[in-house]
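Coordinate analysis (summary)
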Amino acid sequence: MKKHPVSLTVNTDTYDLLIEPRKTLLATLRDTIGLTGTKEGCSTGDCGACTVIVDGKAVTSCMMLGVSANGKEITTVEGLASRDQLHPIQQAFIDKGGYQCGFCTPGFIVASKAYLDENPNATEAEIRHALGNNICRCTGYTKIIEAVMSAAEAMRNA
Amino acid sequence: MSEYAVLGKRVPRVDALEKVTGAAQYGGDVHLPGMLHGKFVRSKHPHAKILNIDTSEAEKLPGVRAIITQDDVESGRRVFASDKVLYLGEPIAAVAATDPDIAEEAADLIQIDYEVLPAVQDVMEAIQPDAPRLHSDDTKDGPARRAISTVLRKLERDNSQDHSAEIAELNAQLETIEGEVYYNISAETHSASGDVEQGFAESDLVVEDTYVIPRVHQTYMEPHVSVADVESTGKVTVWASTQGPFAIRSGIAGTLGIPLNQINVIPTTMGGGFGGRFGVVLTHVPAVLLSQKTGRPVKIQMTREEEFTDGRPAPGCVIKLKTGVKNDGTILAREGLAFWDSGSISGASIGSTIRLRGVYKFPHLKVDAYGVYTNKSGTAAYRAPGTPQVAFAGESQLDEIARKLNLDPVEFRLKNMRVTGDPVPAGPKEPKVGYKETLQAVADAVDWKNRTKGPNQGWGVAIGDWTNGCGPGGMFVSIHEDGSARIFHGSIDITGTDTALAQIVAEILTLPYEDVTISRGDTDSAPYATGSGGSVVTFTMGNTAKLAAEDTQRRLLELASERLNTEVESLELKDGRVSTIVGDPPKSIGFGELAAYSLSTTGGPIVGKGSFARKPSTPALAAQIAKVEIDPETGRIKVLKMASSQDVGFAINPMAVEGQIEGGTVQGYAWATMEEMQYDKKGNVNPGFVDYRVPTSADLPTVESVIVEVEAPDGPFGAKGVGEPPITPTLATMANAVTDAVGIRITELPMKPEKVVAALHGNGK
Ligand code: FES
Ligand code: FES
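Analysis parameters
Residues numbered from 1 in each chain as written. Chains lettered and ligands numbered in written order. Predicted model: local features only at pLDDT ≥ 70, side-chain atom pairs only at ≥ 80, totals over all residues. Heavy atoms only, no water. Domains from an automatic or database assignment. Contact = heavy atoms within 4.5 Å. Buried area = accessible area lost by both parts, 1.4 Å probe. Helix = DSSP H or I, 4+ residues; strand = E, 2+ residues; numbered from the N terminus. Patch = residues over 30% accessible without salt bridge, like charges linked within 9 Å, V, L, I, M, F, W, Y side chains within 5 Å. Areas by Shrake-Rupley, 256 points an atom, 1.4 Å probe, with all protein chains shown as cover. Salt bridge = Lys/Arg side-chain N within 4 Å of Asp/Glu carboxyl O. Lys, Arg positive; Asp, Glu negative; His and termini not counted. Charge placed at Lys NZ, Arg CZ, Asp CG, Glu CD. Buried < 20%, exposed > 50% of the residue type's maximum accessible area, 1.4 Å probe, protein only. Core = buried A, V, L, I, M, F, W, Y, C linked by side-chain atoms within 4.5 Å. pLDDT = per-residue confidence, 0-100. Expected span 1.5 Å × (residues − 1). Arc of directions from axis to C-beta.

Remarks on the domain arrangement of chain A
Residue and element names in this part refer to chain A. Taken domain by domain, chain A comprises domain 1 (4–79) and domain 2 (88–157). The C-alpha-based centres of domain 1 and domain 2 are spaced at 21 Å. Domain 1 puts 16 residues into the contact, and the matching count from domain 2 is twelve residues. In this assembly, domain 1 packs against domain 2 so that about 1100 Å² is buried in total across both faces, 67% of it on carbon and sulfur atoms. When the buried surface of domain 1 facing domain 2 is broken down by residue, Thr-51, Ile-53 and Val-77 rank first, second and third, together holding 38% of it.

And the structure:
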C-alpha cells in the first residue's frame, strides 16, 4: 500500500515518517515511533487507554489516522515527566494508589492532564464526568478520582 | 498493628515509576526484529460442519508467510475447529504475515464452506431432549432420578439375595420421571447433609425461587497477546501476558508435546486477568505453531471484539433455590439445583454451587449442579469463580425471607451465622473465622440501625464468602555489599503483591522498605511459583518470603557471630545491622560488611531460600451495604452509598487492600446492573464496549472500604488472600437494595433500566 509522508511532533521531538494511510495514530506512535506507553484496549474509541494530547486536546489515538496527525503536536505519557521530576498527576497516582494492573493508567493520566489544564478548579463531579470515557477494570475508580483531585490541588498550589 | 515498622503501612508500590511513566512492558509492547503478525480465521456460525477450507487465494497475498489449521497440530489436541465449529468466532485457521493488516486481509481471503446446524444458546433449552447436541455422551440423570438410580445400581450389584421385585418397582418409578434426563451435560456435582425434606416439613416458612445470572466477561483491559519465537534448535520462547507463566509452560508442553525444558515463558507486565488469563489456546499455542512453521517470531494480539466472541468469560447460570426457616428466623434447610452454562467446553465453576450454604448454620442441605454445553465459547474463572452467582441466589432469598418474617436483614443473618468451631453443612468444622465481625463492621460503618431513606430509596445488605487458594512457590533473597536486599522469584504481580513481599522481607530483615528490591525471573530462571489466581499470592508467596527472609536472617547471624566473636543467641537484627542484644560495650556490624565478608567465606554469598507448598487457608467474608435511589420513570438505579467490608486477616498494605475491595465491589455492581453477554441464534451480539457497557467513573460514588482483621492462623503475619471476596456479595446487595426501594424483587440479572421499569409495571422478573 502506498505510504504518505507525515511530519509530526511527539513530546518535543519531530518525526518525518512514511506511513500507510490506513494506520492509526496509535499504531504510528507504538509501532513506527516505538513509544509503547500509549495502550490499545479496544481500538474502537471506547476505552480511553490510547488517549494522547493532540494540539492541547485529549484524543483517542485509535480513532485518528496517522496521516491526520501531520503537522500536529502530540503529547504522550512518556512526555509528561521531566528528567528528574514526575508530573504531579503521575506522583498522585503513586501516592494515592490510583492504579493496579496499570494498563489504563497512561490513558487516565494523559486525559486528566488535558482536562486539568483546561479546568484547574474542577470539582469531583466534573472530574468523574470528564474521565467518563476512560475504562479502568481494576480500581473501581475511587483511588483514581482521589489521585486526580489531589493532583489538581498540587497543581494549583505549584 | 503498630508493632511493625513496614508491615501494615501504605507504602508506594515497587513498580510505581514504570506504571505511571508508560515504561512498563506489557505483552503487546514486545517487539522483536523480523517479527510476523498472526490473525485468525473465525467461524461465522455458532454451530456448523466444516466442509472445506480453501487457503489458495490467501497464500498468494504478498507478505503472507504461513497459514495453519488443525492439520498442523501434530499432537491432535484441539486448537482449531476442523470437523465442526461449536460457536461463533471459534478459530479455524491462523495466518502469519509481515504486517497485521496483511494478515487480516489474508484471513478474509480464506474460504470456508459450512453446513449450518441448529444451535442452542440457552441452558434450559439445551438440557431438553430435542435440543441440538454439541458432543456425544452427554446425558445425565436429574436429582430425583439420580437418587433412584443410585439405589438401583446398588441392588443390581448385590448378588447375595434376590432384589428383582424391588428393582422392578424402582424401574417403574424411574419411568414416571422420564423428563428428568438432562442433555448436553458437561459435568455434574452433588452434595448433601441432613434431610432437606424433613427440614422443609419442620419449617414455618418455605421460600422458593429461580435466579438467572448472565454470562459476563472479565474485561481485563489488555486483550490476550503473545509473542512466540521458536529457534532452529526447537527452543521455544514465549512472551506472555499471563497470570501463571508456569501454567503456560506446562500448557504449551501438554498441548503441543514439546518437552518442558525446551520452553521458556517470559512473563510481561499484565493488563489485568481476574481469572481469565491462564489458558494457552487463545494466543500462546497458535503463536508457537506459526513461529515453528515460519522460523520467525510471531505476535498474536486479540482485538476487543475477539475477546468477546472467543474469550473465556464467566459462566451464566440458572439456580433453583428453596429455603426453609422457623418463624423466629432460624434457618432449617436449603435445597439448590443449578445449571451452569459452560459453553462449548466442559468446566464452568460448578464446584462453587456448594457455596449456596453461605456462612450459616443449619442441618439440612442438598445441592445439585450441572454444567451444560451451549454454542458459546468456553468459560474460565472470574474473581471468586461461581461465587457471585450463587451468593446472588442465596442472599436474595434470605432477604426475601427477612421481609416476609419482618426481621432486620442484618440481625437475621447474624443470628444464623457460623462461628469458629461450628459444623459446616456438608463440610468440616469451621476454622477460625470472623463472619459476624465483618458484617457488624459494615453495618456500623453506615450506622445501619439509624438508617433513613427518602421516596424510591432503599438499603440492601448481602454477604459473600471465599477462601483463598494455596500453592507451591520458591524464592531467593540475596544481600548485597551495600547492605540492601534483593528478592528473586517467579510469581506474577497484578495488584501489588510484589510490594507486599518486599514489605515482609524488609520487616524481617529490619531494613527500610526502599532497601528491598524485587525482580521476577522467567520460567527458565525463577523457581516455580503458583499462578496468580485464587487470591493465592499474598498467602503463598508471603509465606515463602517469610521463609526466605528467615533463612537470610540465619545466615546473617551466623556470619556476624564469626565477625563479632559472639554467640548467635546473643545477636539480633536491628535497623539493617546485626547487633548484640545486650552487651557492654555494644557491638554491631552492617549487612553490607557481612555481605562483603561472606564472599571470602567457605559458606559463600548470603542467599536465603524459601520454599513453600501448603498450609490451611481460612475463609474470608465480604459484606456490603448499598443505598440506592430508583428513578421510576427511567428505571435508573443510582447508588447513593456503597460500603464494603472484608476480613483480610491482616492488611500488609492497607492501600492495596482497599484497592481490591473497591475494584471488586465495582465489578459486582456492574454485573448486577449493566453487564451481560447477549446471544441470539447466531451467537454473541454485543462484542464491544458500546453494547457491553462496563462502569466508568461517572457511574458510581466512592466505595467506602472497611478493613476487618481476624488473623488467619497460617497466613503470613495473619494475612488472608484479598483479591476475590469483594465481588461476591454485590449482585445480591444491589438487588436487595432495589427491593427495599421500590418493593420489586428482580431475580434475573442484570437490572438494566428497562428491566426495572418493566418490573415496576408488574411484568418483570
Ligand atoms: S484503544 Fe482507543 S479508545 Fe480503546
Ligand atoms: S489499573 Fe487495571 S485497568 Fe485500570
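Notes on the environment of Gln-660 of chain B
Examined against the element boundaries, Gln-660 of chain B turns out to sit in helix 17 (residues 654–673). For the pair formed by Gln-660 of chain B and Val-757 of chain B, sequence separation is 97 residues and the distance between their alpha carbons is 33 Å. When sequence neighbours within four positions are dropped, the list of residues in contact with Gln-660 of chain B reads Gln-100 of chain A together with Arg-383, Thr-495, Val-722, Gly-723 and Pro-726 of chain B.

Points about a negative patch on the surface
Residue and element names in this part refer to chain B. Together, Glu-481, Asp-482, Glu-514 and Asp-515 make up a region of like negative charge exposed at the surface. As for its placement among the helices and strands, Glu-514 is situated in the loop between helix 14 (497–509) and strand 21 (516–520). In this structure Glu-514 comes out as exposed when scored by relative accessible area, which is 62%.

Focus: the nonpolar core
Core analysis: the biggest nonpolar cluster contains 131 residues, and Phe-93 of chain A together with Ile-319, Met-417, Leu-439, Met-734 and Met-751 of chain B have the highest contact counts within it. The element contributing the most residues to this core is helix 18 (residues 730–742) of chain B, with eight residues. When residues no more than four places from it in sequence are discounted, the contact partners of Phe-93 of chain A are Gly-98, Tyr-99, Thr-105, Phe-108, Ile-109, Ile-144, Ala-147 and Val-148 of chain A together with Val-20 of chain B. Core analysis: the next-biggest nonpolar cluster, separate from the first, contains 48 residues, Val-516, Leu-556, Leu-573 and Ala-595 of chain B among them.

Quick word on the confidence of the model for chain B
Taken residue by residue, chain B gives an average pLDDT of 95. The fraction at 70 or more is 99%. Overall fold confidence for the complex sits at a pTM of 0.96, while the interface term, ipTM, reaches 0.98.

Thoughts on helix 6 (residues 164–176) of chain B
Residue and element names in this part refer to chain B. For helix 6, spanning 13 residues, the distance from its first C-alpha to its last is 19 Å, which sits close to the expected 18 Å at 1.5 Å a residue. The complete set of buried residues in helix 6 reads Ile-167, Leu-170 and Leu-174. Angular distribution of buried residues about the axis of helix 6 spans 65°; they occupy a single face of the element. In helix 6, the exposed positions angled more than 90 degrees off the buried face are occupied by Ala-165, Glu-175 and Thr-176. Where helix 6 is buried, its residues meet helix 5 (143–157).

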